[in-house]
Amino acid sequence: MPPSPSNRKRSTIYIDGFNLYYGVIKGGPYKWLNLQRYFERLRPDDDIQVIRYFTAMISGPELADQETYLKALETLPLMRIILGKFKTRNVLCRLPACTFAGDKLFQAPEEKRTDVNIAISMLDDAYQGLAERMIVVSGDSDLVPALNIVRARFPKIELIVYVPALNPTRGAAVELRAAADRNRILPLALLPLSQFPVAIPDGSGGVIKKPPGW
């Protein structure tokens, strides 16, 4: 028997958007993912307070699809989107046949602020007493300090990590798993059960349509 509403633990969920995408979504048929529905299915005994989704706006032809997806997420009452940004950095080409002449440096985009944004959000939620349970969806070891400080300052908050991964190497995430009270690989079976409909009302009389090819 599921717990009564008064006995359900309040939980907050923190999703590293690119870690989720590259871990289990890219190249698959489940990009049109309703994250609120997914986590309500995954955590039916939790009283989910908020789902925070951390990402950054990309550039290029896929930007329109990303904007459409974020608009779809914004229709969900529990979702909050927190944006970082991309910054260009110089990368040294180490291949012997590198075509970059001279110093062999080329520019590549690097996502910034996501780890800091997650850490700040976790601490802010903890100090506000928003939840008894925090759920982190990532395999990034850069988040270990955030979990450690929450554990040190708020030992009564339960920390759970779900690692989004399709292969054992990516799914190892040894450091992040060790920082949590409980951990596991993010279940894939719920992905097909948690998709948005093809067209979603946008709340203003229009519709948000699933991107072609998704």
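Only a predicted model underlies this, so the values are computations on that prediction, with no experimental measurement involved.

S.K.: Just to check I follow, could you spell out the environment of Asn148 for this structure?
M.R.: Structurally, Asn148 can be placed in helix α5 (residues 144–153). You can call Asn148 partly exposed: its relative accessible area is 38%. Placed 32 residues apart in sequence, Asn148 and Ala180 show a C-alpha to C-alpha distance of 8.4 Å.

S.K.: Would you take a moment to explain the sheet that holds strand β8 (residues 182–185) for this structure?
M.R.: By definition, the strands of a sheet pair up through backbone hydrogen bonds, in either a parallel or an antiparallel sense. Strand order in the open sheet formed by six strands is β3-β2-β1-β6-β7-β8, and the pairing between neighbours is parallel. Edge strands, defined here as strands with exactly one partner in the open sheet, are β3 (79–83) and β8. Strand-to-strand twist of the sheet, defined as the mean angle between neighbouring strand axes without regard to direction, takes the value 20°. Taken together, the five bridges between strand β2 (residues 46–55) and β3 define a ladder with parallel strand orientation. Its bridge partner being in β3, Phe54 is matched across the sheet by Ile82.

S.K.: I keep staring at the pairing of strand β1 (residues 9–16) and nothing clicks. Help me out?
M.R.: Taken residue by residue, a regular strand's side chains alternate between the two faces of the sheet. With six of eight residues buried, β1 is to be regarded as a mostly interior element. The pairing of β1 with strand β6 (residues 133–137) spans five bridges and is parallel. Bridge assignment links Ile15 to a residue of β6, and that residue is Val137.

S.K.: Explanation requested: the packing of aromatic side chains in the structure shown.
M.R.: Think of a pair of aromatic rings as described by two things: how far the centres are apart, and how the planes are tilted against each other in angle. Taken as a whole and judged by the stated rule, the model has nine aromatic pairs. Taking the centre distance of 5.1 Å and the plane angle of 85° together, the rings of Tyr21 and Tyr22 count as edge-to-face. A residue is classified by how much of its surface remains accessible, and Tyr22, at 45% relative accessible area, is partly exposed. Ring plane angle 50° and centroid distance 6.3 Å describe the contact between Trp32 and Tyr69, whose orientation is recorded as tilted. On the criterion of sequence distance, the pair formed by Trp32 in the loop between α1 (17–25) and α2 (35–42) and Tyr69 in helix α3 (residues 63–74) is long-range, its members being 37 residues apart. When its relative accessible area of 8% is taken as the criterion, Tyr69 is described as buried. Through a chain of ring-to-ring contacts, the aromatic side chains of Trp32, Tyr53, Tyr69, Phe196 and Trp214 assemble into a single cluster.

S.K.: Would you mind going over the nonpolar core with me for this structure?
M.R.: Soluble globular proteins tend to bury their nonpolar side chains together. Counting residues in hydrophobic clusters, the biggest one holds 32 residues, and the most contacted among them are Ile15, Leu35, Phe39, Tyr69, Leu73 and Leu186. When contributions to this core are tallied by element, the ones reaching two or more residues are β1, α1, α2, β2, α3, β6 and β7 (158–163). Residue contacts for Ile15: discarding those within four places in its chain leaves Leu20, Leu35, Phe39, Ile51, Arg52, Tyr53, Phe54 and Val137. Grouped together as the second largest cluster of nonpolar side chains are 22 residues, Tyr14, Phe54, Leu143 and Leu176 included.

S.K.: In this structure, what is going on with the environment of Leu83? I would like to understand it.
M.R.: Looking at the element boundaries, Leu83 is found in strand β3. The contact partners of Leu83, leaving out residues within four places of it in the chain, are Thr55, Ala56, Met57, Leu70 and Asn117.

S.K.: How should the layout of surface pockets be read in this particular structure?
M.R.: Rolled over the atoms, a probe as big as a water molecule pinpoints where empty space is left. For the largest pocket, the calculated volume is near 410 Å³. Lining of the largest pocket is provided by 19 residues; of these, Phe18, Tyr21, Ile58, Gln66 and Trp214 occupy positions nearest its centre. When contributions to the lining of the largest pocket are tallied by element, the ones reaching two or more residues are α1, β2 and α3. Ranked by residues supplied to the lining of the largest pocket, first place goes to α1 with six residues. Partitioning the lining of the largest pocket into residue classes produces twelve nonpolar, three polar and four charged.

S.K.: Explain α5 here, please?
M.R.: One full turn of an α-helix is made of 3.6 residues, so residues set three or four places apart face in the same direction. Where α5 is concerned, the buried positions are Val144, Ala146, Leu147 and Val150. Viewed along the axis of α5, the buried residues span an arc of 165°, placing them on a single side of the element. Turned more than 90 degrees away from the buried face of α5, the exposed residues are Pro145, Ala152 and Arg153. Residues of α5 that are buried in the fold lie against α4 (114–127), β6, β7 and α7 (174–179).

S.K.: Just checking my understanding: could you explain the environment of Leu186 for this structure?
M.R.: With respect to the helices and strands, Leu186 occurs in the loop between β8 and β9 (199–201). Residues within four places of Leu186 in sequence aside, it is in contact with Leu20, Val24, Tyr38, Phe39, Leu42, Val137, Tyr162, Val163 and Pro164.

Cut-off values and rules
- Residues numbered from 1 in each chain as written.
- Predicted model: local features only at pLDDT ≥ 70, side-chain atom pairs only at ≥ 80, totals over all residues.
- Heavy atoms only, no water.
- Helix = DSSP H or I, 4+ residues; strand = E, 2+ residues; numbered from the N terminus.
- Buried < 20%, exposed > 50% of the residue type's maximum accessible area, 1.4 Å probe, protein only.
- Pairing = 2+ DSSP bridges.
- Axes fitted to C-alpha atoms, helices over the stretch in contact; angles between N-to-C directions.
- Phe/Tyr/Trp six-rings, centres within 6.5 Å; stacked < 30°, edge-to-face > 60°.
- Core = buried A, V, L, I, M, F, W, Y, C linked by side-chain atoms within 4.5 Å.
- Contact = heavy atoms within 4.5 Å.
- 1 Å grid on protein atoms, 1.4 Å probe; cavity = no way out; pocket = protein on both sides within 12 Å on 5 of 7 lines; lining within 4 Å.
- Points joined across faces, edges and corners; volume = space filled by probe spheres on them.
- Nonpolar A, V, L, I, M, F, W, Y, C, P; charged D, E, K, R; others polar.
- Arc of directions from axis to C-beta.

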